[in-house]
Amino acid sequence: KRIEPIQEDIKPLFDAAAFNQLTAKEILNIYQTIFKVYFYDPKNVALLNVVVTDANILSVKKGSDVRSLMNPYYQNFTLFEALSHLKVPTLIIHSDTDPIPLWTVEAIHQAIPDAQMRILTACGHFAFIEKPSETFNAIESFIKNHQNK
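Not measured: the values here are computed from a predicted model. (Residues numbered from 1 in each chain as written. Predicted model: local features only at pLDDT ≥ 70, side-chain atom pairs only at ≥ 80, totals over all residues. Heavy atoms only, no water.)

Novice: Any chance you could explain the environment of A46 here in plain terms?
Specialist: Checked against the element boundaries, A46 lands in the loop between α3 (24-36) and α4 (57-75). It is 9.0 Å that separates the C-alpha atoms of A46 and K36, two residues lying 10 residues apart in sequence. (Helix = DSSP H or I, 4+ residues; strand = E, 2+ residues; numbered from the N terminus.)

Novice: Teacher, can you tell me more about the side chain of H146 here?
Specialist: Mapped onto the elements, H146 comes out in helix α8 (residues 132-146). Residue classification places H146 among the buried positions, given a relative accessible area of 19%. Dropping the residues within four chain positions of it, H146 is found in contact with P89 and Q116. (Buried < 20%, exposed > 50% of the residue type's maximum accessible area, 1.4 Å probe, protein only. Contact = heavy atoms within 4.5 Å.)

Novice: Help me understand the pattern of salt bridges in this model?
Specialist: Pairing is possible between side chains of opposite charge, provided their charged atoms come close. Tallying each qualifying case throughout the model produces two salt bridges. Where K131 meets E134, a salt bridge forms, and the shortest distance between an N and an O atom there is 3.4 Å. (Salt bridge = Lys/Arg side-chain N within 4 Å of Asp/Glu carboxyl O.)

Novice: Looking at this model, I keep getting lost on unusual backbone geometry. Mind explaining?
Specialist: With glycine set apart, most residues show a phi of negative sign, and most peptide bonds adopt trans. In this structure, D114 is a non-glycine residue whose phi angle is positive, near 60°. Following the sequence through the fold, D114 ends up in the loop between α6 (102-111) and β2 (116-120). Exposure remark for D114: the relative accessible area of 74% places this residue in the exposed category. Notably, A122 is not glycine yet its phi reads approximately 50°, a positive angle.

Novice: So what exactly am I meant to see when it comes to the pairing of β2 here?
Specialist: Successive side chains on a regular strand alternate, one facing one side of the sheet and the next facing the other. The pairing of strand β1 (residues 91-95) with β2 spans five bridges and is classified as parallel. Of the residues in β2, the one forming a bridge with I92 is M117. Read as a crossover between parallel neighbours, the route from β1 over α6 to β2 is right-handed. (Pairing = 2+ DSSP bridges. Right-handed = clockwise from strand over helix to strand, strands pointing away.)

Read these as spatial facts, not as claims about activity.
Right, dumping it as structure tokens:
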């Protein structure tokens, strides 16, 4: 639902010919438009370091082509079986307004033995940008609790 209002703005990403005609500034604007939905406060997209310039535009465009080629592979790809074999302390940090649904994160949490999960409030996908103190405190507490284990 969060992406519906911007679907028209991001259409060129899904049309390789149109995407290859875009300038660096146009591509940057599209990516910033997309990433706005990943923030609780969309103005924080300015804090995300996304760089598309004339110098790197070809690699950005090639990266887009690689993603489109790999999409069929990723549609049926899952790591859940492998997650159940993890033997390291695991902290999952998620946010209450992250566009990635909570149920997916809960499934990952359940798949990893003894994993811990922390849900941050009033925060989007980029918790380290929108809630740096809370993110750091969660990580620091987790590390302290596992240092002597």
